[in-house]
Every structure is written in structure tokens, then in C-alpha cells.
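# Descriptive structure summary
In case you want the letters, here they are:
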Amino acid sequence: MSTGDSHKQLIPPTQVSVKAGFVVYSPDDETRNIIILNKGELAAVDRSEIPARTIFKMQPGELVGVAALLEREPFKYTLEATQDSEITLISEDCMESELKTLPLWLLAVIKGLSAQTRKLKEATRKPRVQNTLKSLSEYISHLEPKKSYPMDELCREFRWQTKIPESQIQADLKALARRQFLEIRKGENGTEIYSDHPMLIQIYVDYQKASEKNKPWAPFQLTDTQKKALTLLAALQKDVQTDAPSWLKFFTDSGIAINVTEWIKMLSFGWFKVCDDSSFQVNKDKILYYQLALRYAANIRGVL
Amino acid sequence: MLIAEGEYLCLEGERGNSLYIVQSGMFKGTSRKNPESEPEYFEPGSIIGELSLLETAPRELTIQAEEDSEVLVIEQEQLKEILDAKPSWINSIMSFLVSRRHIAEENKKKSDLVQALPPLLFLFAKYIENSKTDTIPLLLLQEKLHDMNGTAPEEANHLLQILEDLKLLKIERDVVRAESLQVIPLLYHTLKYRALHKQVSPNILSMTEQMVLTVFLQLAKGNRLTSNDGICTIPTELLKEEAKKSMHFTLTSRIVAPLVHKGVFVTDQPFDIHAPLDNVPCFYAEFEKSLDLLEMNRIFPLLDKKLVG
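Since this is a predicted model, take the numbers as computed values, not measurements.

## A short note on the overall build of chain B
- In terms of regular secondary structure, chain B is built from ten helices and 13 strands.
- A compact globule built from 309 residues should have a C-alpha radius of gyration of about 19 Å, whereas chain B, at 29 Å, is more than 25% larger.
- For chain B, the proportion of its 309 residues judged to be buried stands at 47%.
- When contacts within chain B are restricted to residue pairs at least 6 apart in sequence, those whose partners lie at least 24 apart make up 66%.
- Element-wise, carbon and sulfur atoms account for 52% of the exposed surface of chain B, whose accessible area totals about 16,000 Å².
- Of the side chains in chain B, 33 bear a positive and 46 a negative charge, and the two mean positions are spaced by 9 Å.

In C-alpha cells, the structure reads:
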């Protein structure tokens, strides 16, 4: 097993006795030490506030300064003895000399723990989504159609919701505008966002989800017969509610050969709603969804 | 220790007490908890299982050899031997680093939960607004929240559970039902106001304002003083009497003024805070809207405590 260099001379820690009121550490100090309290009591005080506020008190056996020494994280409080105390000061040199005697794997464990903590802290400040365009699309899809929204306000609200940086939000808005899902235009009160069909953006979200999973996306898999059936259903003026055989007859009478398999497929697309009496009615929202998906296929695929 | 390609080094969730150092080959780590997260790869020099070695923690990932590989195994006994031979402060530093990592992990979980609240309320509010129903399919809400904020379904469920405890919504099998249609959007806008304007939203009422509004609504309900359009009208004299009787305080223009300024109470004529309250013959308010406002004010102060407490 490989170990560190144990031949180097160890630098011992410094033992200090201090009186009550003694300032053991001040944020202005340039030297960094790990401070271990052996006896007495220390208080970490925030002197930047008036009156100064005690943040926490240390009891014998406790220590501070590890992050300051290992990761250069500033320790922003003043450390004062509230009683006569005995402390151990571990300087950077002392710690390094001791750490060098540890096996390399143990050093790696120490570094690994520090790195994991740093990563977790950083992660709380970062957006959680990887696909920021999909995230923004989901948000924008809830806007009202044919209404202008101030871009600044939208960006601020969305940033608050997701932590996605403003520059990224703006780049994604431009990407949606390039696909002609929305317009970015000058209004009376600055730049505005406008969309005729926010539903189209919801369709785009669904397309992205299918693409991410490498799954075929139903609107782009329709056969010619299914497309004809879609056009026919979209053109229906009346709210027809009837059973499956009658629907099949309706398609046949209209010159579209729909068999039971095709019918089941159409049900899986959600083109029909099942009514209480087991009859079927056209689901207009879903028909519009498929129509928009086909009409804007090039925009959705990004091949404009 | 030799691990053949395809063999498992450890399984997610099982307790371990050893550390592995990859000496050759390659391992892939995956998580059932986060199936969509990118797999983690461990190449020679990587260490696996720091927390298992230090505190017999459950393995965080299932780790499988991508090719024939070799690891060096370090057991807790070896660690103990080394630390026993060192000054005690080395052990203290190790404990400190472990506890700091746990705190960071806990803070991350809390932060993720807090962060998921606005998009969840936004998505729920928009869905019930557009669909004109009071429910949203649970799966759909989870999916949308994941798409928008990266929130995992378990986290969404945890958050929904908290909101159910606060009686904001109800989880019913595969749908989530809003207890009141307006409280969710109201809460969202109140949180948004606080975050974007860095000040308290006008929707937040002081205790006194809440008491006055409660008295007003009790009177409206008890005396059936609500019209068909949902507007209730309470004569000032009656409001003053009831405030004195049930809340033991004298209602003045100064006390009522904030509710008028916030648009909760409406008067026939311009309201003068310096004039006697009796100059105003009666107050009007929307019954349902006022109830929702009170409900939101009940929930709002409990939220922070529930989410991070």
C-alpha cells in the first residue's frame, strides 16, 4: 500500500492558554489555523453587526477553521475566549506535515469529502435542469395566446423559478423565436414576447421529450390514411357522439379505409373521448394538437 | 480484488464498510433513485465509498464493472489503525469533514424543495385555470415539474405532501385536487412578489387586518349579507359592534385603512384615514376572494417552517 512521505519532519501544533476576553482569531488575520478548544469556552462573534452578535459558542473538543485551511473558505467571525481557555493551534505547515504522513488513499478520501461538499454547495446555486430550452418552453407554453408580455419581467420570473441565468434564458427565447413559436418585438415599454400559439410550444416540449428518449413521436409517425382521417375529423362541424362501428362506417363512407386496428391506433392518439355510454366523441384539443404538430413540423424539427 | 466485466462491486442502498480504490479497468455507477441522472464513471485512481468506510453508510450508487477491473479494498480496521497512531485532531478533522458534507447534502435537499415550490404552484395554477377544473393528474404535474425545474418525482411527492398537510391541496390516488381554486395562484403571486420586489406582498395581512376581515366575513355569513354577485356589504356600525364584542377592540379608520388601501374593502366614497370611521356608512368586500386571502395568510407563514424546518 502506498503511503505519503513519512520522512519529512513533523511540525507540532501550538498549545496556548488565553484569558477571558482574548481575541483568538479576527477576520483580518492573515494567518489561518485550525483552532481546537481543549478547555474553557470560545464564542464566534459577528462584529460587522452593531451590536455585535454571538453566532455560536464552542465547547471543549470542538474545532473551527478546517474549511478555512483546507479550502480557503473565509471564516468571517471573530473568535473570542468567554472564559480562561486552553486551545491548540494547527497551522497550515503543521497540518501539511501531518497529512503528508497519511497514506495516499486517506488523503484522497479527505480531498474527496471536501470536493463533494463543494459540489453540493455549488449545486444549490445552479439550475437543476439540463435542457434549459425545454424548461423555458414548458414555462412559455402557459402564456396566454395573442398577448404581449414584457420580456424583462418574464425573464425575472422564470429565473426565480429555475435559477437559469438570464443570458441563457435570452438565448433560449431567441431559439424559440427562430422556430417562429414566438416573436420578440419592440413594444411601448421595451422588448416584448408575443405568441400566437403557446400550445405549439407545449407540442415542442413533447417533441423534445420524445427525442431525448429516442422514442418515435406519434404526430410524426402518422400514415397517409391516418392523416386523411385527421383532416376529416378536424373539418367536422357537429359534435357527433356515436359508437365505434358507426365511426368506422363514417370513415368508410368518406372514402377512408379505417379498420379496427387503425381505429384502436386513433384511440391511442387520444383523438376520441370516451363518453359515459361507451360512445365516442371527437377530442378537438387533441385534433388541434396533431394538426399544429404537422403544420409546424419543420419549425418543431428545427429545419427551417 | 478482481471484478470481471459485468459484475457488481456494490449495490445502491446496501450498507458497506469498505473503501474501493480502482487500480485498473473501469466502473459505471447508476442510481435507481435518479434514473435520469447521467451515469458516473470510475477510472483507475478513483475512490468509491468514502462514507461507507467512515460511517458504514449505505452505498449511493450501484457500481458495475464495464470491463475486467481490479480494486484495492480498504477496511474500517485499517483506517482505525492509522488514525489511532495519529494525533486526535486528525480524527476530529475527519469527523468535521463528514458532518460538513452531511450538512451540505441536507441543505441541498432543502434548497431543492424550496426551489421546486414556485414552479409547482405555477404549473398547478395554470393547469386549473386553463382546464377549468380543480384537479391535475399527478403524473402530469410530476412530469411538467421535472421538465421545467428538474425536480424528481419523489421530491414532487414530498412537496405535495407538505402542501397537503397545510390543507392547500389533496392528493387523491392519481390526481391532485386544489382545496380552493384561488389560493394556489394567490400564494404563487405572493411568493413571486416577495422574491422579485424584495418586499412583503400587499396580499400579506397583519394580524389586526386578519382579525377585522374575519369579523367582517363572520358577519356576512351569519347575517347572509352577501349578494348574488358574491359581494358582501356590512354597515360600519355593525362591524364596530362585532369587533368590540368578539375581538375586544375599538375599530377606527386607522385600523381599517390598510384593508381599504389593499383593495380588500371598498367604500362608496373616498376613504379618509383622518376622518371618523362613522363617516363611512358601510364596507363592501368580495366574499370568496376575502376567504381565499385569509386562507392564504394562514398558510403563508407556515410554509417556510414546513419546507426548511
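Resuming the write-up.
## Considering the overall build of chain A
- The helix and strand tally for chain A stands at twelve helices and 14 strands.
- The C-alpha atoms of chain A give a radius of gyration of 34 Å, which is well past the 19 Å a tight globule of 304 residues would have.
- Dimensions of chain A, computed from the C-alpha atoms along their principal axes, are close to 100 × 60 × 40 Å.
- Taking all 304 residues of chain A together, 44% fall into the buried category.
- Of the contacts formed within chain A by residues at least 6 apart in sequence, a portion of 68% connects residues at least 24 apart.
- Accessible surface for chain A amounts to roughly 16,600 Å². Of this, 50% is attributable to carbon and sulfur atoms.

## Considerations on helix 3 (residues 88-131) of chain B
All names here are of chain B.
- Here helix 3 is 44 residues long and its end C-alpha atoms lie 64 Å apart, about the 64 Å a rise of 1.5 Å per residue gives.
- For helix 3, the principal kink sits at Leu 117 and spans about 30 degrees; a proline, Pro 118, occurs within the next four residues.
- The positive-phi residue at the C-terminal boundary of helix 3 is Lys 132, with phi of around 55 degrees.

## What about the confidence of the model for chain A?
Residues and elements named next belong to chain A.
- Per-residue confidence for chain A averages 88 on the pLDDT scale, and 97% of its residues sit at or above 70.
- In the model of chain A, helix 1 (residues 66-71) stands out as the element of lowest mean pLDDT, 80, in contrast to helix 5 (residues 151-162), which has the highest, 95.
- Considering only residues more than four positions removed or in separate chains, one finds that residues 1-7, a stretch of pLDDT under 50, has 16 contacts.

## Here's the deal with the sheet that holds strand 10 (residues 183-187) of chain A
Residues and elements named next belong to chain A.
- Spatial strand order, 9-11-10: three strands in an open sheet with antiparallel pairing. The sheet is open, and its two borders are formed by strand 9 (148-150) and strand 10, each paired with just one other strand. Adjacent strand axes in the sheet meet at a mean angle of 40 degrees, parallel and antiparallel pairs treated alike.
- Sheet analysis places strand 10 next to strand 11 (residues 190-194), joined by five bridges and oriented antiparallel. Bridge pairing links Lys 186 to Thr 191 in strand 11.

## Regarding the nonpolar core
- Ile140(A), Trp263(A), Trp271(A), Phe272(A), Leu121(B), Phe265(B) and Phe283(B) are the most contacted members of the largest nonpolar core, which totals 119 residues.
- Among the elements that line this core, the one with the most residues is helix 3 of chain B, at ten residues.
- Non-local contacts of Phe265(B), meaning those with residues more than four positions away in its chain, are made with Val212(B), Leu213(B), Phe216(B), Leu239(B), Val256(B), Leu259(B), Val260(B), Phe283(B), Tyr284(B) and Ala285(B).
- Formed by 31 residues, the second largest nonpolar core is a distinct cluster that contains Leu69(A), Ile74(B), Trp89(B) and Leu97(B).

Conventions we followed
- Residues numbered from 1 in each chain as written.
- Chains lettered and ligands numbered in written order.
- Predicted model: local features only at pLDDT ≥ 70, side-chain atom pairs only at ≥ 80, totals over all residues.
- Heavy atoms only, no water.
- Helix = DSSP H or I, 4+ residues; strand = E, 2+ residues; numbered from the N terminus.
- Rg over C-alpha atoms; globule rule 2.2 N^0.38 Å.
- Buried < 20%, exposed > 50% of the residue type's maximum accessible area, 1.4 Å probe, protein only.
- Contact = heavy atoms within 4.5 Å.
- Areas by Shrake-Rupley, 256 points an atom, 1.4 Å probe, with all protein chains shown as cover.
- Lys, Arg positive; Asp, Glu negative; His and termini not counted.
- Charge placed at Lys NZ, Arg CZ, Asp CG, Glu CD.
- Expected span 1.5 Å × (residues − 1).
- Bend = angle between axes of the 7 residues up to and from the residue.
- pLDDT = per-residue confidence, 0-100.
- Pairing = 2+ DSSP bridges.
- Axes fitted to C-alpha atoms, helices over the stretch in contact; angles between N-to-C directions.
- Core = buried A, V, L, I, M, F, W, Y, C linked by side-chain atoms within 4.5 Å.

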